[in-house]
Amino acid sequence: MFARRDVSLGALCGAFAKLTRQPMLAFFAFLYAPLVAVLGIQYLSGLSGPLSPEGDRVVIGDFLAFQTGAVILADGRGSHLYDLRFQREMQSRLVGKVSPEWQPYVNPPLLAIALRPLAGMGTIDAFRFYGAAMACAGLLGAAALVGIVPHLARTSLDAASVFLLSLSFHPLARTLFGGQNAVLTWALLSGVAWAFARRKQVTAGILFGLLTYKPQYLPLPGLLLAYVGAWPALAVASAVGLLHYALGAAFVGPGWPLGMLAAMRQYRPMEWAGSLESHFSLLPFFDYAVGGAAGRLLASAAIAAVIAALWRCAPRARPGSVEFSLLWSLVIVAEMLASPHLQYYDFGVLVLPVVVGLERILACGRTPGLLLSMLLAIAYVGYPWLYEAAPRVGFQPLTLCTLAIYAWLCRVAREPAPSIGRSPC
């Protein structure tokens, strides 16, 4: 009987191994990605308004907040951009009623400035245009990702599989068509890695500077660039950041950073009350799972442990070296875990670190094991069920997935590096 079970288990493992390798992987990618694209396009074309037919929920995601900011600027009322009461009135005007849900604009002004030309198009037409822009960003991000993993994208079929599977991963696909901006963040982070791999520090600086639209991704990556001596990239990024500030000062007023922080403090309790379980960085995770002072203490300890692991396991790397993409990926995951705000759809950003980790394994002359393949396949297919399980299990499972990815990357970084010896740990 045990022999029969062993044979059955071996056959099952063998079948799964075939499914996660070529040509079956490409077959899945070429079948799944077009299906996701068709569903997304159908969703965009079928919308008749920013609210559901019942009028009880927003169906265009965070774009309603972005459009609100853009319309405020287009109306010449930039000084009220971070006035939440004024935003609520403007948003009610956009949707034609006082919605039970509302999406405040608490981002830096760059996104509202960029979308300002769409203010006169009508919310749904602007939403479709925005979706097309995010699709372009996603295509560029996927191309950049393929460009930094030569072992993983060794053949044209492999490259196409990486490209399609990345873009069709649920949280990235959702932000392509759902009105969020995580796919843009992912594309910029992937673009920075691509630019450094080709020793284009000016390009890397421009892309990193554009991340000032999403400032929670700046601190640790910025410190990394200083640590490795990427001064040209940092100088260009600083210039882009100053330009962002100057544009904000022109449209909103010179004190816009303080106004934004005040709006964030005002909105934070409302967001925490309504969507705390959907966040997956460490602070909201422990606020939701434990709460109170104990939760904050545990979150602080966990963040300190993440930073300590980064310091211990990060490989020595110079901008443009074969190890820099791995170091960049480690820092991104550490930043995500330490961020005070990270919604479930931001999980798609982790495509970059995971793909880079697989590249590092192949570059070291090894192949991903069956267990790793199984876990990645489960996370890829099971993502919607994972994040939606939070109310039932009392914590956000995506946080544990992110910690597992971080621990795996730390382990990968400690393996002997190809051609440059061992990492510091």
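This structure is a prediction, so every number in the text was calculated from the model and none was measured.

### A short note on the overall build of the chain
Alright, step 1. When you go through the chain residue by residue, the secondary structure sums to 20 helices and zero strands.
Alright, step 2. Its C-alpha radius of gyration of 22 Å places the chain within 12% of the 22 Å reference for a compact globule of 425 residues.
Alright, step 3. Its C-alpha atoms put the chain at 70 × 50 × 50 Å along the principal axes.
Alright, step 4. Expressed as a percentage of its 425 residues, the buried residues of the chain come to 52%.

### Observations regarding helix α3 (residues 63-74)
Residues separated by three or four positions in an α-helix point in the same direction, a consequence of the helix having 3.6 residues per turn.
Alright, step 1. Between the first and last C-alpha of α3 there are 16 Å, a value that for 12 residues agrees with the 16 Å anticipated at 1.5 Å per step.
Alright, step 2. In terms of residue burial, α3 counts as a mostly covered element, since 11 of its 12 residues are buried.
Alright, step 3. Of all the positions in α3, only Phe 63, Leu 64, Ala 65, Phe 66, Gln 67, Thr 68, Gly 69, Ala 70, Val 71, Ile 72 and Leu 73 are classed as buried.
Alright, step 4. For α3, the elements touching its buried residues are α4 (84-95), α5 (110-115), α6 (123-147) and α12 (231-251).
Alright, step 5. Trailing α3 by a residue or two, Gly 76 shows a phi angle of about 75°, which is positive.

### Some remarks on the pattern of salt bridges
Alright, step 1. On inspection of all chains with the given rule, the structure shows four salt bridges.
Alright, step 2. The salt bridge involving Arg 93 is made with Asp 75; its shortest N-O contact spans 3.2 Å. Of this pair, Arg 93 sits in helix α4 while Asp 75 sits in the loop between α3 and α4, and the two are 18 residues apart along the sequence.
Alright, step 3. Of the residues examined, Arg 93 reaches a relative accessible area of 54% and is grouped as exposed.
Alright, step 4. Across the pair Asp 287 and Arg 296 runs a salt bridge whose closest N-O atoms are separated by 2.9 Å.
Alright, step 5. In this structure Asp 287 comes out as buried when scored by relative accessible area, which is 14%.
Alright, step 6. Taking relative accessible area as the criterion, Arg 296 reaches 42% and is therefore assigned partly exposed.

### Re the packing of aromatic side chains
Alright, step 1. The tally for this structure, following the rule as stated, stands at 22 aromatic pairs.
Alright, step 2. With 5.1 Å between their ring centres and 15° between their planes, Phe 28 and Tyr 32 make a pair best called stacked. In this pair, Phe 28 and Tyr 32 are both assigned in helix α2 (residues 24-46), four residues apart and thus about one turn of the helix distant.
Alright, step 3. Take Phe 28: its relative accessible area is 31%, and that puts it in the partly exposed class.
Alright, step 4. You can call Tyr 32 partly exposed: its relative accessible area is 25%.
Alright, step 5. Geometrically, the ring pair formed by Tyr 344 and Tyr 387 is stacked, given 4.5 Å between the ring centres and 10° between the ring planes. Here Tyr 344 is found in the loop between α16 (324-338) and α17 (351-363), whereas its partner Tyr 387 is found in helix α18 (residues 370-388), with 43 residues between them in sequence.

### Structural notes on unusual backbone geometry
Alright, step 1. The backbone of Arg 199 sits at a positive phi, close to 60°, despite the residue not being glycine.
Alright, step 2. Secondary-structure assignment places Arg 199 in the loop between α9 (182-197) and α10 (201-210).

### Section: the environment of Trp 328
Alright, step 1. Relative to the helices and strands, Trp 328 resides in helix α16.
Alright, step 2. Looking at Trp 328, the relative accessible area reads 0%, which means it is buried.
Alright, step 3. In this structure, the C-alpha to C-alpha distance between Trp 328 and Val 192, residues 136 residues apart in sequence, is 9.1 Å.
Alright, step 4. Not counting chain neighbours up to four residues away, the residues in contact with Trp 328 comprise Leu 189, Val 192, Ala 193, Phe 208, Pro 221, Leu 224, Leu 225 and Leu 352.

### Topic: the confidence of the model for the chain
Alright, step 1. Averaged over the chain, the pLDDT score is 90; the fraction of residues at 70 or greater is 93%.
Alright, step 2. Note that residues 1-7 has pLDDT below 50 and, in this model, zero contacts with residues that lie over four places away or in other chains.
Alright, step 3. Segment residues 419-425: pLDDT under 50, and 17 contacts once partners within four positions in sequence are set aside and those in other chains are kept.

### Points about the packing of α16 against α17
Alright, step 1. Where α16 contacts α17, the axes come no closer than 9 Å and their chain directions differ by 145°. For the crossing formed where α16 meets α17, the hand is left-handed. In contact with Ser 325, Leu 326, Trp 328, Ser 329, Ile 332 and Val 333 of α16, α17 contributes Leu 352, Pro 353, Val 356 and Arg 360.

### Some remarks on the side chain of Ser 278
Alright, step 1. Tracing the backbone through its elements, the reader meets Ser 278 in the loop between α13 (256-275) and α14 (282-289).
Alright, step 2. You can call Ser 278 buried: its relative accessible area is 10%.
Alright, step 3. Side chain to side chain, Ser 278 and Gln 343 meet in a polar contact 2.5 Å long.
Alright, step 4. Look past the residues within four positions of Ser 278 in its chain and what remains in contact with it is Leu 342, Gln 343, Tyr 344 and Gln 396.

### Structural notes on a nonpolar patch on the surface
Alright, step 1. Taken together, the side chains of Leu 371, Met 374, Leu 375 and Ile 378 present a nonpolar region at the surface, about 390 Å² in accessible area.
Alright, step 2. Examined against the element boundaries, Leu 375 turns out to sit in helix α18.

Conventions adopted
- Residues numbered from 1 in each chain as written.
- Predicted model: local features only at pLDDT ≥ 70, side-chain atom pairs only at ≥ 80, totals over all residues.
- Heavy atoms only, no water.
- Helix = DSSP H or I, 4+ residues; strand = E, 2+ residues; numbered from the N terminus.
- Rg over C-alpha atoms; globule rule 2.2 N^0.38 Å.
- Buried < 20%, exposed > 50% of the residue type's maximum accessible area, 1.4 Å probe, protein only.
- Expected span 1.5 Å × (residues − 1).
- Contact = heavy atoms within 4.5 Å.
- Salt bridge = Lys/Arg side-chain N within 4 Å of Asp/Glu carboxyl O.
- Phe/Tyr/Trp six-rings, centres within 6.5 Å; stacked < 30°, edge-to-face > 60°.
- pLDDT = per-residue confidence, 0-100.
- Axes fitted to C-alpha atoms, helices over the stretch in contact; angles between N-to-C directions.
- Left-handed = near helix turned anticlockwise from the far one by under 90°.
- Polar contact = N/O pair within 3.5 Å; in protein donor to acceptor, adjacent residues only side chain to side chain.
- Patch = residues over 30% accessible without salt bridge, like charges linked within 9 Å, V, L, I, M, F, W, Y side chains within 5 Å.
- Areas by Shrake-Rupley, 256 points an atom, 1.4 Å probe, with all protein chains shown as cover.

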